[in-house]
Amino acid sequence: MTRSNPADIFQSIVKPGVKGIQPYQPGKPVEELERELGVINAVKLASNENPLGVSPLVKQALDKAVKDLTRYPDGSAFYLKKKLASRLGVRENQLTIGNGSNEVLELLARMFLSPTTSAVVSAHAFVVYDLAITAESARAIKVPAKDWGHDITAMADAVDDSTRMVFIANPNNPTGTWVSHSAIRGLLESVSGQVIVVVDEAYFEYVDKPDYQSSLSLLDEFPNLVVTRTFSKAYGLAALRVGYAISHPALADLMNRLRQPFNVNSFALAAAEAALEDKQFLADSIEVNRAGYEQLSAGLKGLGISFIPSAGNFIAAEFGEDAADIYEQLLRAGVIVRPIAGYAMPRHLRISIGTESENVRFLDTLTTILSAGEVA
Ligand SMILES: *Cc1c(COP(=O)(O)O)cnc(C)c1O
């Protein structure tokens, strides 16, 4: 009997979709930069995290939760759902709580996609949709972007008989682009009720654009719509992994059957409940982001660097052919931003909006790099 290399054996038996997955590239953690390059005092503007941290109410809730590590978490997320439902004006049975909104996006793909089906996404859209579609061995129909954003009309036109899902990031990461309420309504009107339309509103809290509106108000009219939100961004709970979907109750029922019974841990549940109570922290986070956007956009303009107008807590700036080099130089100076070549945007870097002093650090470092480049 000949023995094959285990890697070859796994390749021959794994589901085809899994082979097609490109590993997700996270923003570089501060500790890793310190370990690899010995850089101290690094700032991370690479993962769209909340630069203010978390509400003090969250810390209190976590202290309390640490006292009961022996019990399983509340698998029904009873209290969190109750609070969310009243806050959002929906019913508890429309909610599915996930281990980050990433999990609910994956659950949706697992529910509706298979090798003979397809899902429509935009070029430069959040990469998790691709990962989820590919994992189900389904076909991703990638629609070219318009001004870096989703071309919703073209996305509606791309839907064919095999299509079971459309993913819309509103606003989108990494571009920061957003789509109007009327465009989303138009898409929902044009597709059949057998096409699940997922509107990912991970950055909803930050958006301040006159033509933007949450798609939640369309749920009663379009049962094939699913809206997802997260506690990872404006609420500052990225470490704890908690997000949710709002949908028709019959769809939520299916999602809740498929998820793990205890998919969201007790810390995440307690923290999310507490975070919803601190409206001041949320308002402060939004204000810091608004001011930071002005600061960074003015700074970039001053340096003659163009960027995509963003509705989120980050900015995709265009550095041309030098983007990878500038990323490395920023790293060595202790400023971590995010290269987005994996999003077919090799000429851009994505900068998460930080505190005022973090933004200054980025702009000053960039100024130094660019002026050194001119001399060379
Ligand atoms: C960050 C992000 C998410 C949220 O991910 P979580 O799993 O909730 O942390 C979802 N969608 C987009 C577009 C994002 O950028």
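Throughout what follows, the structure given in this document is the object of discussion. A quick note: this is a predicted structure, and the numbers were derived from the prediction, not measured. Counting starts from 1 at the beginning of each chain's written sequence and moves along it residue by residue. Local features in this predicted model are restricted to residues of pLDDT 70 or higher, and side-chain atom pairs are both shown and tallied only at a pLDDT of 80 or more, whereas totals for entire chains, interfaces and linings draw on every residue. Only hydrogens and water are set aside when side-chain values are computed; all heavy atoms of the structure are taken into account.

Turning our eyes to something else, we now look at a nonpolar patch on the surface. Taken together, the side chains of Ile9, Phe10 and Ile13 present a nonpolar region at the surface, about 320 Å² in accessible area. Tracing the sequence through the fold places Phe10 in helix α1 (residues 6-13). Taking relative accessible area as the criterion, Phe10 reaches 53% and is therefore assigned exposed. Patch membership requires more than 30% relative accessible area and the absence of a salt bridge. Residues of like charge join within 9 Å; the nonpolar side chains Val, Leu, Ile, Met, Phe, Trp and Tyr join within 5 Å. Computed with the Shrake-Rupley method and a 1.4 Å probe, the accessible areas treat only the protein chains shown as cover for residues. Any Lys or Arg side-chain nitrogen found within 4 Å of a carboxyl oxygen on Asp or Glu counts as a salt bridge. Only DSSP runs of H or I reaching four residues or more are called helices, and only runs of E reaching two or more are called strands; each is numbered from the N terminus. Throughout, exposure labels follow a simple rule: accessible area from a 1.4 Å probe, protein chains only, divided by the maximum for the residue type, with under 20% read as buried, over 50% as exposed, and the rest as partly exposed.

We now examine the packing of aromatic side chains. To pair, rings of Phe, Tyr and Trp, with the six-membered ring standing in for Trp, must have centres within 6.5 Å; the planes then decide the type, stacked if under 30 degrees apart, edge-to-face if over 60, and tilted in the middle. Tallying each qualifying case throughout the model produces seven aromatic pairs. Residues Phe78 and Tyr79 carry aromatic rings whose centres are separated by 5.1 Å and whose planes lie at 90 degrees to one another, so their mutual orientation is edge-to-face. Plain terms: the ring middles of Phe231 and Tyr235 are 5.0 Å apart, the flat faces sit at 50 degrees to each other, and that makes the pair tilted. Both residues of the pair, Phe231 and Tyr235, count as buried. Charge-over-ring contacts are defined here by two conditions on Lys NZ or Arg CZ: a distance within 6 Å of the ring centre and an angle within 35 degrees of the ring normal. For the cation-ring pair, Arg229 lies above Phe204, with the distance from its terminal atom to the ring centre recorded as 3.7 Å. One Lys or Arg, Arg350, reaches over the ring of Phe314 and ends 5.8 Å from the middle of that ring.

Our next topic: the sheet that holds strand β4 (residues 139-143). Spatially, β2-β8-β7-β6-β5-β3-β4 is the arrangement adopted by the seven strands of the open sheet, whose pairing is mixed. Because the sheet does not close on itself, it has two edges, and the strands there are β2 (95-98) and β4. The sheet shows a mean angle of 20 degrees between the axes of neighbouring strands, taken without regard to direction. One requirement defines pairing of two strands: DSSP has to find at least two bridges between them. In the sheet, strand β3 (residues 118-122) pairs with β4 via five bridges, with the strands oriented parallel. Counted as the bridge partner of Val120 is Ile141 from β4. Lines fitted to the C-alpha atoms define the axes, with helices restricted to the stretch that makes contact. Angles between their N-to-C directions range from 0 to 180 degrees.

In this section: the packing of helix α5 (residues 78-88) against helix α11 (residues 266-277). The geometry of α5 relative to α11 is characterised by a closest axis approach of 9 Å and an angle of 30 degrees between their N-to-C directions. The angle between the axes of α5 and α11 places the two elements in the roughly parallel class. The element α5 and its partner α11 pack so that their crossing is left-handed. Between α5 and α11, the residues in contact are Tyr79, Leu80, Lys83, Leu84 and Arg87 and Leu269, Ala272, Glu273, Leu276 and Glu277, respectively. When the residues that make up the contact of α5 with α11 are grouped by side-chain class, the tally is six nonpolar, no polar and four charged. An angle below 35 degrees is read as roughly parallel, one above 145 as roughly antiparallel, one from 65 to 115 as roughly perpendicular, and any other as oblique. Each crossing is labelled by how the near helix is turned from the far one, with a counterclockwise turn of less than a right angle marking it left-handed and a clockwise turn marking it right-handed. Contacts are residue-level and defined by heavy atoms, with any inter-residue pair within 4.5 Å sufficient. Only Asp, Glu, Lys and Arg are considered charged in this grouping, and only Ala, Val, Leu, Ile, Met, Phe, Trp, Tyr, Cys and Pro are considered nonpolar; every other residue, Gly among them, is considered polar.

Of all five residues that make up strand β9 (residues 314-318), four are buried, and the element is covered over most of its length. Bridging between β9 and strand β12 (residues 348-352) involves five bridges; their strand directions are antiparallel. The partner of Phe314 across the bridge, within β12, is Ser352.

Looking now at helix α6 (residues 101-112). Helical periodicity: at 3.6 residues per turn, an α-helix aligns residues three or four positions apart in one direction. The end-to-end C-alpha distance of α6, which contains twelve residues, comes to 17 Å, matching closely the 16 Å that a straight helix rising 1.5 Å per residue would cover. Among the residues of α6, those classed as buried are Ser101, Glu103, Val104, Leu105, Leu107, Leu108 and Ala109. By this rule the span expected of a helix is its residue count minus one, scaled by 1.5 Å.

Two faces, one strand: in a regular strand the side chains alternate between the faces of the sheet. The alternating pattern of strand β8 (residues 243-246) places Gly243 and Ala245 and Tyr244 and Ile246 on opposite faces, both of which are buried. Direction of pairing for β2 relative to β8: antiparallel, over a ladder of four bridges. Opposite Thr96, over in β8, you have Ala245 as the bridge partner. Bridge count for strand β7 (residues 225-230) against β8 is four bridges, and the pairing is antiparallel. Across the sheet, Arg229 pairs through a bridge with Tyr244, a residue of β8.

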